Every structure is written in C-alpha cells, then in structure tokens.
Amino acid sequence: MKKVGVFMAVAIGAIALLAVPMTSWAGGTVEGKVSFSGNPPAPKEFLFAKFPNPRFCVKNPNKDAKGEKRLLHEVQVGKDGGLKNAVVAIEGINDEKFVADFKGQDIEAELCEFKPYTGVVVENQKSFRVVNNDEEHVQVEFVKKEGDQLIFKDVELDPKDKKFKETRFKASDAIRTDTGTVSEADLKPGAKIVIVRGVLHNPHSFKVKGPSSATIFNIALPEKGSKLDKPLKPNSPKPGESVFRMQCDQHEFMQVWALPVTNPYYAVVGEDGKFEIKDVPAGKYKLVAWHPRLNNGKPIEQEIEVKDGAAASAKFEFKH
Ligand SMILES: [Cu+2]
C-alpha cells in the first residue's frame, strides 16, 4: 500500500514538472551561425624575451614551434568556417533589471592569458572581476641578509633586462619553495633554491570608441589569488557607441574584448560559429554580430522577427 502511495506522489510530481514550461512558454528562439570567409589574419607575434616572466609565460600553448614568440590568435576560425569568439546580440530591448543585476563572469589570468577572450558588459556595470591564477617556480641564489631582508638573485639572466633579477623576503617569513618552506637558518650565501614567486599581471581596461581609448581602471595583481572587483565607471562603454577592451600592462598579448548589451539575449559563439538565443520576447529587432578584430570592430546588423513558439534564423559572414 505504501509503495503505491510513493509511486502516485512521483507520478504527480512528474506531471507538475512537465506542466511548468507549458504555462510559461512565451517568446521565440533566434538561432544561426557566424562564419568567416577569406584568409584569417596571421596571429600577432610577441617575443617572450621582451616581456616579464618569459620562462613562465612560455608555458602557454599559443606560441611558435621554437617557443620564442607568443602568438595571439585574434581571429580564430573553426573547421566548418565558424567564427569563434564572435558575439551575437539583440538590440532594442532595454531590460533595466538585467542591467542593474548583471555581474558578468570572472576573467581569469592563466599562463599569461586572459580567459575568455570575448564577452559582454553592461553600461556602468557594478562589478567587473579579474583573478590572477599564476605563480612561477624560479631557481634563485641566496646573496645576503640586509637589515631584516633576505636578498636572492635569479640564477638565470632576465632576457629583457640582461641582468639578474632580485627578489627579497622578510627574514622573519618562511619562504615558499617547490618542496616546502625554508627559513633564514637554512640558508648560506650561494645556496640555490627554487622559490614560488607571484607573476604580476596588471589588468588595464578601456572604453574604446573608434580610434580613441579612455582608461576605466588599471590595477596590479601581484600574486596568485590576487583579485580585482571594480565598477565600469567613470568611462563606461555605451551600447551602440563604444566597446570594452582590457590588456595586461605587463604582458601586452593578454587581451579581452567585450560588447555592451542591454538585455540577456546574446550569445558568445564557440568554434562551430553556432548560436541559439532562447525565450526572446516576440517582436521585430535588430540582431548584431560583432568581432573586435574584424569589420573595423563594427557589428554587422540584420533585421529579425521573433514569433512566440517559433525559431527565427540568421546567418552572418565576416570577410577578410
Ligand atoms: Cu600579465
């Protein structure tokens, strides 16, 4: 008897779950593909040796075969011609609640790369966040104690400055190494150890309008775990007028771009170039596709009509 009761409850629960989408089913879907035709521009090249932390940043997979140059693939095309990282958005819906509550996503600095490369922001966004996930293991030699400081120098020359980089620790602190910690008592001048050291990233963000840029914030993140959480003010990018850009002032090849939006009806496309935007209120809109490094950074526009319960489709093609 009990068993039957449980079954009934489960069955009623299932009916209730099925019923929910039926009652709230309004709006339509916008789907399609952003593709690229022509020859993608060559990646931008940066000599690791000209930037800080060359021996760490070279761990990033985006580099030449010799490991001398960091490659920044601004335009990435999938095997079916999909334009990765393009942003598709519906214009003309001003969702004030969405804009007020929008928090975006954390940008991660990882192996000297900001991820993701593209996204969206809203005007005067309350919180824009970046976290530093990087630290490097470096072989250093203990030089001497000076006051309350222990002075070490890198065993390898810094290729940028052609001199041995110095690192200091407080003598009272335990020093993190690849195998644990060491303290002053363990060290004699000339002793070589592998220390764990922060990789300084310096996210610098801009409002970009045509050829002009205005700084929004510029903050140093010196250690693994260092974070910033800033509003996009006072130079907030405005939808339809300007876009967001961020780069690391230490490592120029670390870049992020974002399109300002006014509603949740957008998509950042993956390698296949496909997008699907659901639950769009019925109506006629301008649909835009944007890639920061193509079409002079201007969106491609087209008109679409969304009907309740139906799918509208759109295709965009960027050329180079
Ligand atoms: Cu950096």
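For the structure, see preceding data.
Scope of this entry: the structure provided in the associated data block. (Residues numbered from 1 in each chain as written. Predicted model: local features only at pLDDT ≥ 70, side-chain atom pairs only at ≥ 80, totals over all residues.)

## Some thoughts on the overall build of the protein
Moving on, step 1. When helices and strands are counted, the protein shows three helices and 26 strands.
Moving on, step 2. Compactness check: the protein gives a C-alpha radius of gyration of 26 Å against a globular reference of 20 Å for 320 residues, more than 25% above the reference.
Moving on, step 3. Its C-alpha atoms give the protein principal-axis dimensions of about 75 × 70 × 40 Å.
Moving on, step 4. Every one of the 320 residues in the protein was classed for burial, and the buried ones make up 29%.
Moving on, step 5. Partitioning the intrachain contacts of the protein with sequence separation of at least 6 by distance along the chain shows that 66% fall at a separation of at least 24. (Helix = DSSP H or I, 4+ residues; strand = E, 2+ residues; numbered from the N terminus. Rg over C-alpha atoms; globule rule 2.2 N^0.38 Å. Buried ≥ 20, exposed ≤ 12 C-beta atoms within 10 Å, placed from the backbone. Contact = placed C-beta atoms within 7 Å.)

## A word on the sheet that holds strand β25 (residues 300–306)
Moving on, step 1. If you walk across this open sheet you meet the four strands as β22-β6-β24-β25, and the pairing is antiparallel. Edge positions in the open sheet fall to β22 (266–268) and β25, since each of these has one partner strand only. Averaged over all adjacent pairs, the angle separating strand axes in this sheet is 20°, with direction ignored.
Moving on, step 2. The pairing of strand β6 (residues 87–91) with strand β24 (residues 283–290) spans five bridges and is antiparallel. Residue pairing across strands places V88 opposite A289, the latter belonging to β24. (Pairing = 2+ DSSP bridges. Axes fitted to C-alpha atoms, helices over the stretch in contact; angles between N-to-C directions.)

## Overview of the environment of F114
Moving on, step 1. Here F114 is to be found in strand β8 (residues 114–115).
Moving on, step 2. Residue F114 is classed as buried on the basis of its C-beta count, with 21 C-beta atoms lying within 10 Å.
Moving on, step 3. With residues up to four places along the chain from it excluded, the contact list for F114 reads I107, A109, M246, M254, Q255 and V256.

## Some points on unusual backbone geometry
Moving on, step 1. In this structure, P116 follows K115 across a cis peptide bond, with omega equal to -5°.
Moving on, step 2. In this structure, P116 sits in the loop between β8 and β9 (118–121).
Moving on, step 3. Cis geometry is adopted by the peptide bond preceding P234, which originates at K233 and carries an omega value of 0°.
Moving on, step 4. Here P234 shows up in the loop between β19 (227–230) and β20 (243–248).

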